[in-house]
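Structural overview for review
So you can see what is in the structure, the chains are spelled out below.
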Amino acid sequence: MGEMSERESDEFEEKYFDDDVLFGELLDAEDRLIDDYRRGRLSSDERERFEQRFLTLPDRRREVEFARLLAESLAERHKADLPAPNAEPAPQRRPLLSLPLFSWLSASWPAPGWALALIALIMILGSTWAALKTSRLQDQLDQNQARQAQQLEQARNERASLEEDLARLKTSTSPAAAILSLTLSPGASRSSGETKKVTPGSRTQMIEFTLEAGAENYAGYQASLQPADDENAEILIYKRLEAQKTGAGKIVVIRTPAAMLEIGDYQIKLEGIRPQRDAYTIGKYLFQVRRQ
Amino acid sequence: MNHTSPEKKRQVLTHEAFDKLLSFLDPDRDRAGEKYETLRLKLTRFFNSRACLMAEDRADEVFDRLTKKLVEGEEIRNVSGYCLGIARLVWLESLRGPEARQASFDDLPVIPLPAEDDDERKLRLACFNRCLRELPEADGALLVEYCSSEHGSRSEDRQEIARRLQTPLNALRIRVHRIKAKFCECFDECLARGPKKLKYS
C-alpha cells in the first residue's frame, strides 16, 4: 500500500521475481488485504490508501469485486440453505419401493395389518406421484437448459460479429490524439447550449479536464464525475487534488481514461476542502461526450 | 481483468517466436506454459504497482523484447531477473509517453464499487452466479474453495488443496488463474447483455 521506500520496493521485486514461493505469499497477502477491506477491518487511512491502489486500476478492482461477489453469493446460499455452487448432490434416499413391503405386513405389530397396508399404499401412491412430478420437472429443466444453451450460442455469435465490426471501425477511423484536453468553467447550463463537447477517437487514451477553480484558497480539492442528470450517482472520484495558479486564477486538472466515458452528458463537481475538513462546492462543470 | 491465456498471446508474438519462448522456459510444454503464466503474473503485478493502466500490454512488450533477444541468440541465464530488467526499462520509457502525465496512484480516479441496494450490484451478482454455474463442475468448485478460504488460514488451506490434488502450489495458482480468466470472459459477456453500465478501460 505504498509503505515501502523505492529502494525497499526494488529489492522486494527482485526477490519475488526470483522466488515463486515468495510471489505466492505476496498474492495470498494481497487476497487477505482485499478480505480485510471487504470486511471493514482497515482503519480509515488504510482504507483510503487501499482504495487509491486497488479501486483505480481495472485488474485490481476486478479482484476486489470478485471477492465481494463471491462472499455475497455464498451468503445468499447459506441463507437459502442451498449447497455451494457446483457442490456434489445430496445422497439419494432409498426409494420406498425397495423396502420390504411384505415384511411389514407379516410383522407382528401392535396396529392391525390392514392399517399398515393402507399406510403402505398411501406411501407407494405418494412416491409414484412424486416420481412423476420429478420426471416432469426434469423435462422442463432439460428444455430450459437447451434453450439457455441456444441463447448463449446466439450471444456468442452476436459478440463475434460485434468484435468484427469494432475491428473494422478501428482500422477505418482517422488517428486521434492520445490525450484530449478540455477546459471547463463552472455554471454552464445544458439548456443554454454552452456545454462543451469532447469527441474521443479510437486512439484517445486519456481526457484531461482543466477546471477553472476561482481565486479562493483551499487546503485541498476533490472532485466527482457524475451523470449530468443524476447528482447522487458517482462514476469516478478524484481525491487529494491540488490547484495550480495561473494568471486568471486557480485551475485543477483531472484525467480520465477515455474508455470510461460513454456517449452522454456529464458533470464534474469540484469541491474545496477547508481547514475544518468540510467540503465546499466550488462549481459544477458540464460537458458532453460524443464519439467520432 | 484481461486474464489472457498463452494461446491468445500468440496473436501478439509470431507462432515461431512464441514456441521459442516456451521452449526456452522449459523443455516440457506444460511446465513452460506454467512458467510463462507465472512470469506474466509477476510482470502485470510489477506494472500495476506503478499505477500503470495498461499493465497487460506492458507485459506483452516485455515478452516481445525477451523473445527478440532469444531469437538473436542472446544467452540468458536468469530469465526472471532479465525480465524484471526489461520491465523497468519499459516502465521508464513509458514515462516519456502519455502516461507520464499520470505517474502515481494519486493521479488516478477511484472507481467505487456499486452500492448495496444498487440495481447494478444486483445485475453483477446475477451474472456472477450464472457464470459460476457455467464453469465445469470441478473448476467451479475449485475456484470457490480456493478463493473463499477463511482469512487466517488461507495459505494453509491452499496448500491443503494442492496436496489433495497432488499438484505443486504454483501449478494450482496458475490453474485457478486460468479458471478465473474463463469466468471473467463469461462475466463480461453477461454484463454486456445488461443495461448501459460502467466500462473498464
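In this text the structure is predicted, and so the values were computed from the model without any measurement. (Residues numbered from 1 in each chain as written. Chains lettered and ligands numbered in written order. Predicted model: local features only at pLDDT ≥ 70, side-chain atom pairs only at ≥ 80, totals over all residues.)

1. Overview of the sheet that holds strand S4 (residues 220-227) of chain A
Residue and element names in this part refer to chain A. Read from one edge of the open sheet, five strands run S2-S9-S8-S4-S5, paired in mixed fashion. Only two strands of the sheet have a single partner each, and these edge strands are strand S2 (196-198) and strand S5 (236-241). Neighbour-to-neighbour, the strand axes of this sheet turn through a mean angle of 30°, independent of strand direction. Pairing between S4 and strand S8 (residues 264-273): eight bridges, direction antiparallel. By the bridge assignment, leucine 225 is partnered in S8 with isoleucine 268. (Pairing = 2+ DSSP bridges. Helix = DSSP H or I, 4+ residues; strand = E, 2+ residues; numbered from the N terminus. Axes fitted to C-alpha atoms, helices over the stretch in contact; angles between N-to-C directions.)

2. Points about the confidence of the model for chain A
Segments scoring low in pLDDT should not have their predicted coordinates read at a detailed level. Residue and element names in this part refer to chain A. Per-residue pLDDT for chain A averages 75, and the proportion of residues at 70 or more is 66%. In the model, residues 88-109 has pLDDT below 50 throughout and makes 14 contacts with residues more than four positions away in sequence or in other chains. Every residue in residues 169-176 is under pLDDT 50, and counting partners more than four places away or in other chains gives twelve contacts. (pLDDT = per-residue confidence, 0-100. Contact = placed C-beta atoms within 7 Å.)

3. Structural notes on the interface of chain B and chain A
Each partner contributes residues to the interface: chain B has 50 residues there, and chain A has 56 residues. Here the residues of the side of chain B that touches chain A are counted per class, giving 23 nonpolar, 13 polar and 14 charged. (Nonpolar A, V, L, I, M, F, W, Y, C, P; charged D, E, K, R; others polar.)

4. What about the sheet that holds strand S7 (residues 249-257) of chain A?
All names here are of chain A. Taking strand neighbours across the sheet as the criterion, the four strands line up as S1-S3-S7-S6 in an open arrangement whose pairing is mixed. Of all the strands in the sheet, the pair left with one neighbour each is strand S1 (179-184) and strand S6 (243-246). Across the sheet, the mean angle separating the axes of adjacent strands is 30° when strand polarity is ignored.

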